[in-house]
Each structure stands twice: as C-alpha cells, then as structure tokens.
Amino acid sequence: MEVSDTLQTLYTATVEQEDGTHQITVPEREITTGAITGGETYRVALISTSASDTDATDTTEGTQSPEYADHQQEYDGPPVEEGEQRDVEIKNLGDQGDGIAKVERGYVVIVPETSVGDRVTVEMQQVRENVAFADVVERKSPQEL
C-alpha cells in the first residue's frame, strides 16, 4: 500500500457505536504531540490491523478490490528505533518551532533547533508509536541529502 506524504498521523482505534452513529476517537496524544489540531477537518482512511481481522468478518468479504487486498500490509510499529541515525529534510515547523520531518509511511520525526529546508543527520532519542524526537548529529548542504 502506498501512503501519501501528506499523512499526518497513524494510530489504532476501535469503531464504537453510540446513539445510532459510529465514531472513532482520536487519542489525546495526537493533539498534544501536534500531529493534528482539534477543530480542524481531516480525511480519514481505515486500514484493517491484521489479516485475521478481515478473514473473521463476513460482512467485509468481497468488498475490497483485489488491488487493495494485494497491497494491504500489517502495521509493524514505528519505522525507526532509538539510537538510529537518519538523513532527513525539515518540511514544516511545529507549534513550538521545532522542525518536522517525515520518513516511511509518513511517520513524523520532530527535530529541535532546525528550520524548514534544513537537511540534517539526526539520531532518534525517543520513539513513540506515532512520533519520534531526534537530535541533530550533523548539518548537511542541500546537495548532500
């Protein structure tokens, strides 16, 4: 499955029924980390968390296109590990002025003391399910990344 570079966040949630409607609750951490902002409108995509989920549900059989079924993958957790170094480009700034880069599957890496357009080598200091916090190891010229 291809994931858009515009992916803001990725988390697991349960569809809940209440008063004749169905809802997905956004975890508070998504707001506090700045991945998304309350009161804004976002497009939502739903992806089964495992192959066994779709096999066990009779109502979904036959509704997925063959192309989607071929590209569906199980989520394996964050694409980075603590201590790992990566070359990234800062694409945005967060609410506190920290640089924001994205790696595989649109996973967000927050890098303090950077600006939009900076190309840096970072070391992952803290890795969470939906965001990592990294420190700059080396600043690069635009041609180096």
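Quick look at the structure, then. None of the values given here were measured: they were computed from a predicted structure.

## Side note on a nonpolar patch on the surface
Piece 1. On the surface, Val15, Ile24, Val44 and Leu46 cluster together into a nonpolar patch covering about 380 Å² of accessible area.
Piece 2. In this fold, Val15 is placed in strand β1 (residues 15-18).
Piece 3. Taking the relative accessible area as the measure of exposure, Val15 reaches 48% and is therefore partly exposed.

## Thoughts on the side chain of Arg86
Piece 1. For Arg86, the location among the structural elements is in strand β3 (residues 85-89).
Piece 2. Look at Arg86 and you get buried, because its relative accessible area is 17%.
Piece 3. Within the local environment of Arg86, its side chain forms a polar contact with the backbone oxygen of Pro79, the two atoms lying 3.0 Å apart.
Piece 4. In terms of polar contacts, Arg86 uses its side chain to reach the side chain of Glu104, at 3.1 Å.
Piece 5. Apart from residues lying up to four places away in sequence, Arg86 is in contact with Pro79, Val80, Val103, Glu104, Val120, Thr121, Val122 and Met124.

## Quick word on the pairing of β1
Piece 1. Taken together, the four bridges between β1 and strand β2 (residues 21-24) define a ladder with antiparallel strand orientation. Within β2, the residue paired with Gln17 across the bridge is His22.
Piece 2. If you look at the hairpin formed by β1 and β2, you'll find two residues sitting between the two strands, and Asp19 has a positive phi there, around 50 degrees.

## As for the pairing of β3
Piece 1. The alternating pattern of β3 places Arg86 and Val88 on a buried face, while none of Gln85, Asp87 and Glu89, on the opposite face, is buried.
Piece 2. Here β3 pairs with strand β7 (residues 119-127) via five bridges, running antiparallel. Its bridge partner lying in β7, Arg86 is registered against Val122.

## Re the sheet that holds strand β8 (residues 131-140)
Piece 1. In spatial order, the strands read β3-β7-β8-β6-β5-β4; together these six strands make up an open sheet with mixed pairing. Every interior strand has two partners, whereas the edge strands, β3 and β4 (92-93), have only one.
Piece 2. Across two bridges, β4 lies against strand β5 (residues 99-102) in antiparallel orientation. Among the inter-strand pairings, Leu93 is bridged to a residue of β5, identified as Gly99.

## Considerations on the nonpolar core
Piece 1. Ranked by size, the top nonpolar core spans 14 residues in total, and within it Val80, Tyr107, Val109, Val122, Met124 and Ala132 carry the most contacts.
Piece 2. The biggest single contributor to this core is β7, with four residues.

## Remarks on the side chain of Thr114
Piece 1. Position of Thr114 among the secondary structure elements: in the loop between β6 (108-111) and β7.
Piece 2. Classification of Thr114 by relative accessible area gives buried; the value is 5%.
Piece 3. One polar contact links the side chain of Thr114 to the main-chain amide nitrogen of Gly99, over a distance of 3.4 Å.
Piece 4. Engagement of the side chain of Thr114 in a polar contact is seen with the backbone oxygen of Val111, the distance being 2.7 Å.
Piece 5. When residues no more than four places from it in sequence are discounted, the contact partners of Thr114 are Ile90, Leu93, Gly97, Gly99, Val120, Val136 and Arg139.

What counts as what
- Residues numbered from 1 in each chain as written.
- Predicted model: local features only at pLDDT ≥ 70, side-chain atom pairs only at ≥ 80, totals over all residues.
- Heavy atoms only, no water.
- Patch = residues over 30% accessible without salt bridge, like charges linked within 9 Å, V, L, I, M, F, W, Y side chains within 5 Å.
- Areas by Shrake-Rupley, 256 points an atom, 1.4 Å probe, with all protein chains shown as cover.
- Salt bridge = Lys/Arg side-chain N within 4 Å of Asp/Glu carboxyl O.
- Helix = DSSP H or I, 4+ residues; strand = E, 2+ residues; numbered from the N terminus.
- Buried < 20%, exposed > 50% of the residue type's maximum accessible area, 1.4 Å probe, protein only.
- Polar contact = N/O pair within 3.5 Å; in protein donor to acceptor, adjacent residues only side chain to side chain.
- Contact = heavy atoms within 4.5 Å.
- Pairing = 2+ DSSP bridges.
- Core = buried A, V, L, I, M, F, W, Y, C linked by side-chain atoms within 4.5 Å.

Interpretation note: all reported values are geometric properties and have no functional meaning in isolation.
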